[in-house]
Structure formats: structure tokens, C-alpha cells
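What the coordinates show
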Amino acid sequence: MIDYHCHILPQVDDGPDRLSESLTLLRRSYQQGVEIMVSTCHFYADEDDPQSFLDRRNAAFQRVREAMLRDAEVYPMIVLGAEVLYFPGISEARDIEKLTIGSGRTMLVEPPMAPWSDDMLDEIAELGENLGCRPVIAHVDRFMHMLGDQRLIDRVLERELLVQVNADYFVDTRTVKSAVRNLKKGKIHLIGSDCHNLLTRGPNLGQARQQARAFGVESEFDELSRNAARLLFPRGNR
């Protein structure tokens, strides 16, 4: 499996505080069948600039990478990216292209926890056109729940943006039927654990896959990782 949204680098955002916690998150993810994790540390334009963010992120990644190489354990591959909080003017922002994921084919964008305007969604679509990439809207399922608006997923799809959902969408008994329904309809493109720590927001893609199997949509669920692989490795190279 490919976890397309997670917070695993130490002391970069609200993810793990310690290197040891990062390594445990990685190990637990691998034990659940996750082979690749896209590290999407939070980027807030009102607090940081892209280059400063990248310097901190890359330094944290280097610490994790060196620890992984010293360890006898097997870990998932880490692909670097960011979770970019939307802000007006994002489509023309300086150096914003540095925050794309991996090869630069996608950017994970997090809308604010407020009613979504057409102008915001249109600008995110424009961002993709300007950068020649596909914007991915982060955890659309969470916004549908928190904002009480099930139409959000269709508004994303209307603009040919990619839909990422969290594993919780399948794990939570209150939302699993909605998750299965939207998965069957092809309305979900990518999935992530959005894991942050070991106590309250841990790795759970394995649980989500078990739920998918129980509801008879295991093959559709596995297609989400194939979608991710095509985006991360367009020529099939790793």
C-alpha cells in the first residue's frame, strides 16, 4: 500500500516530537502492509516561506534516513512532499512549485475548515494549470463531515482535482458505507493515514483495508495505491 498523506518527520509540524516516535510510526505502517509513505508536513504561508520549510523538512528527513540505515528493521520508502494550507494568491505564489510531491506531478492542498467558495476551488485548479501538476485535495471526507456537506467531493471532481481521503473514512463505522459507496463510484483517487503520533492518530491503513475487504471492495481499495504509484513513478521506476 501507499500512504499518500502522513506526518512522520520529527519536530517539523504537529507530528512526532522525537526521532524514536518517527521510526515507530514507520515500523507500524510497514507491519500493516505500507511500502511507501508520502511525508506531507504542514506548510502555512503565513508562518513560513517554501525554502525555509524545505530546509527544516529535509534536515528532519536526513535524521530519519540515517537512523533507518543504522537499524536492522525494514521500513517503508519515504517520498517527500507537503500539505499546503490554501491561501488567496496560492496559484501565483513565489516558489510554491517547490512544495509538490516527489517528481512534482501533484501537490497536496488543504482547504481551510470553513465553507468552500467556488473562487477557492477555481484557484486551486488554476494552481495546477500554472505548475503543470494535479492538485490533490486533502482528506475531503473530513471536510464533508465537519462542514456537513456531502457535495464537496463532487465539487472537487467537477474541477478535475484529485480526491484524497483518510483511512478513518473506512475505519469509522459511521462513515464506512459512504466511503464504500464513493469508492465504488470512482470518486476517490488516493488514501492516506494522516498519522501524526502513536497515541491518538496512529497508522491505520491496514484497518481500512480490512474494512474494504469486509465490504467486498478490496480490489477497488487496492487501486488507490496503484493510482498513487502512477503519480509518484510515472515511468514505473522506483
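Above this note sits the structure.
The model shown is predicted, which means the values in this text are computed figures rather than measured ones.

The helix and strand inventory of the protein chain stands at nine helices and seven strands. On C-alpha atoms alone, the protein chain measures out to a radius of gyration of 17 Å, which is about the 18 Å that the 2.2 N^0.38 rule sets for 238 residues. With the principal axes as the frame, the protein chain shows a C-alpha extent of 50 × 45 × 35 Å. For the protein chain, the proportion of its 238 residues judged to be buried stands at 55%. For the protein chain, restricting intrachain contacts to residue pairs at least 6 apart in sequence, the fraction spanning at least 24 positions comes to 75%. As presented, the protein chain carries roughly 11000 Å² of accessible surface, and 45% of it is formed by carbon and sulfur atoms. Across the protein chain, the 29 positively charged side chains and the 37 negatively charged ones have centroids separated by 6 Å.

This brings us to the pattern of salt bridges. Enumeration over the complete set of coordinates arrives at 17 salt bridges. Between Asp149 and Arg151 there is a salt bridge, and its shortest N-O distance comes to 3.0 Å. Exposure remark for Arg151: the relative accessible area of 57% places this residue in the exposed category. Residues joined in a network through salt bridges with shared partners are Asp118, Asp122, Arg155, Glu158 and Arg159.

So, on to the side chain of Asn227. Considering the arrangement of structural elements, one finds Asn227 in helix H9 (residues 218-232). Overall, Asn227 belongs to the buried group, its relative accessible area being 19%. In terms of polar contacts, Asn227 uses its side chain to reach the side chain of Arg230, at 2.6 Å. Beyond its immediate stretch of four places on either side in the chain, Asn227 contacts His189 and Leu190.

Turning to the state of the cysteines, a few remarks are in order. Per the stated rule, a full pass over the model turns up zero disulfides. Distance from the sulfur of Cys41, which forms no disulfide, to the nearest cysteine sulfur (Cys6) is 8.5 Å. Distance from the sulfur of Cys195, which forms no disulfide, to the nearest cysteine sulfur (Cys6) is 5.0 Å. Look at Cys195 and you get buried, because its relative accessible area is 0%.

Now for the pairing of strand E4 (residues 106-110). Of all five residues in E4, five are buried, a share of seventy percent or more. Of the two faces of E4, both are covered, the one formed by Thr106, Leu108 and Glu110 as well as the one formed by Met107 and Val109. Alignment of strand E3 (residues 77-85) against E4, held across three bridges, turns out to be parallel. When the bridges of E4 are listed, Glu83 appears paired with Leu108. In this structure, E4 lies alongside strand E5 (residues 134-137), joined through four bridges in parallel fashion. Counterpart to Thr106 in the pairing with E5 is Arg134.

Quick notes on the rules
- Residues numbered from 1 in each chain as written.
- Predicted model: local features only at pLDDT ≥ 70, side-chain atom pairs only at ≥ 80, totals over all residues.
- Heavy atoms only, no water.
- Helix = DSSP H or I, 4+ residues; strand = E, 2+ residues; numbered from the N terminus.
- Rg over C-alpha atoms; globule rule 2.2 N^0.38 Å.
- Buried < 20%, exposed > 50% of the residue type's maximum accessible area, 1.4 Å probe, protein only.
- Contact = heavy atoms within 4.5 Å.
- Areas by Shrake-Rupley, 256 points an atom, 1.4 Å probe, with all protein chains shown as cover.
- Lys, Arg positive; Asp, Glu negative; His and termini not counted.
- Charge placed at Lys NZ, Arg CZ, Asp CG, Glu CD.
- Salt bridge = Lys/Arg side-chain N within 4 Å of Asp/Glu carboxyl O.
- Polar contact = N/O pair within 3.5 Å; in protein donor to acceptor, adjacent residues only side chain to side chain.
- Disulfide = S-S within 2.5 Å.
- Pairing = 2+ DSSP bridges.

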